[in-house]
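Residue-level listing of the chains:
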Amino acid sequence: SCNAASFLEFLKKVMKRHANKKVIMIIDNARIHHAKLLRPFLKEHHQRLYLLFLPPYSPNLNPIEKLWRWLKDSVISNMFHKNQSEIEQAVQRFLDFTQSCPEQVLRRIGC
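Please read these numbers as outputs of a predicted model, since none were measured by experiment.

How each quantity is defined
- Residues numbered from 1 in each chain as written.
- Predicted model: local features only at pLDDT ≥ 70, side-chain atom pairs only at ≥ 80, totals over all residues.
- Heavy atoms only, no water.
- Helix = DSSP H or I, 4+ residues; strand = E, 2+ residues; numbered from the N terminus.
- Expected span 1.5 Å × (residues − 1).
- Buried < 20%, exposed > 50% of the residue type's maximum accessible area, 1.4 Å probe, protein only.
- Arc of directions from axis to C-beta.
- Pairing = 2+ DSSP bridges.
- Right-handed = clockwise from strand over helix to strand, strands pointing away.
- Phe/Tyr/Trp six-rings, centres within 6.5 Å; stacked < 30°, edge-to-face > 60°.
- Axes fitted to C-alpha atoms, helices over the stretch in contact; angles between N-to-C directions.
- Parallel < 35°, antiparallel > 145°, perpendicular 65-115°, else oblique.
- Contact = heavy atoms within 4.5 Å.
- Nonpolar A, V, L, I, M, F, W, Y, C, P; charged D, E, K, R; others polar.

Let us now look at helix H4 (residues 84–100). The terminal C-alpha atoms of H4, which comprises 17 residues, lie 24 Å apart, in line with the 24 Å expected from a rise of 1.5 Å per residue. Taken together, the buried positions of H4 are occupied by Ala90, Phe94 and Thr98. Along the axis of H4, the buried positions cluster into a sector of 80°, meaning they face one direction only. Looking at H4, the residues exposed on the side facing more than 90 degrees away from the buried face are Arg93, Gln99 and Ser100.

Right, here's the structure in full:
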């Protein structure tokens, strides 16, 4: 589950892995990203760790939102599926396709 404690553990792992580097992390405004639990760690690492918060509700700045839109347009919009199993199969085909052509995915989401 995602909570402040798990996010703190993630930050610790990132900082350990990149021990000699500065880290800039672009994140959304989820409550766990602003938790009081993080403050001591962020203060201790303020020379090397910078959290850059996206503006509140900014799906246009989040590449994953473009992927979700592509998925919806390809699998759900104007499509009829008899049951949940057919939807799951269509989603899996889409995911298999994205795995096979990462360059196209990156281009499609604007990276």
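This brings us to the pairing of strand S1 (residues 23–27). Along S1, the buried face is formed by Val23, Met25 and Ile27; none of Ile24 and Ile26, which line the opposite face, is buried. Bridging between S1 and strand S2 (residues 49–53) involves five bridges; their strand directions are parallel. In the strand pairing of S2, Met25 is matched with Leu51. Of the crossover connections in this fold, the one passing from S1 over helix H2 (residues 39–44) to the parallel S2 is right-handed.

As a further point, take the packing of aromatic side chains. How two aromatic rings sit relative to each other is given by the distance of their centres and the angle of their planes. All chains considered together, the criterion is met by three aromatic pairs. Plain terms: the ring middles of Phe7 and Phe10 are 6.3 Å apart, the flat faces sit at 25° to each other, and that makes the pair stacked. Taken as a pair, Phe7 and Phe10 lie in helix H1 (residues 4–17) at a separation of three residues, close to a single helical turn. Taken together, a centroid distance of 5.2 Å and an interplanar angle of 85° make the contact between Trp70 and Phe94 edge-to-face.

Moving on to the packing of helix H3 (residues 63–76) against helix H5 (residues 102–109). The axes of two packed helices give the description: the angle between them and the distance between them. Where H3 contacts H5, the axes come no closer than 8 Å and their chain directions differ by 110°. One way to sum up the angle between H3 and H5 is to call them roughly perpendicular. Facing Pro63, Lys66, Leu67 and Trp70 of H3, the residues of H5 in contact are Gln104, Val105, Arg108 and Ile109. Partitioned by chemical class, the residues of the contact of H3 with H5 number five nonpolar, one polar and two charged.

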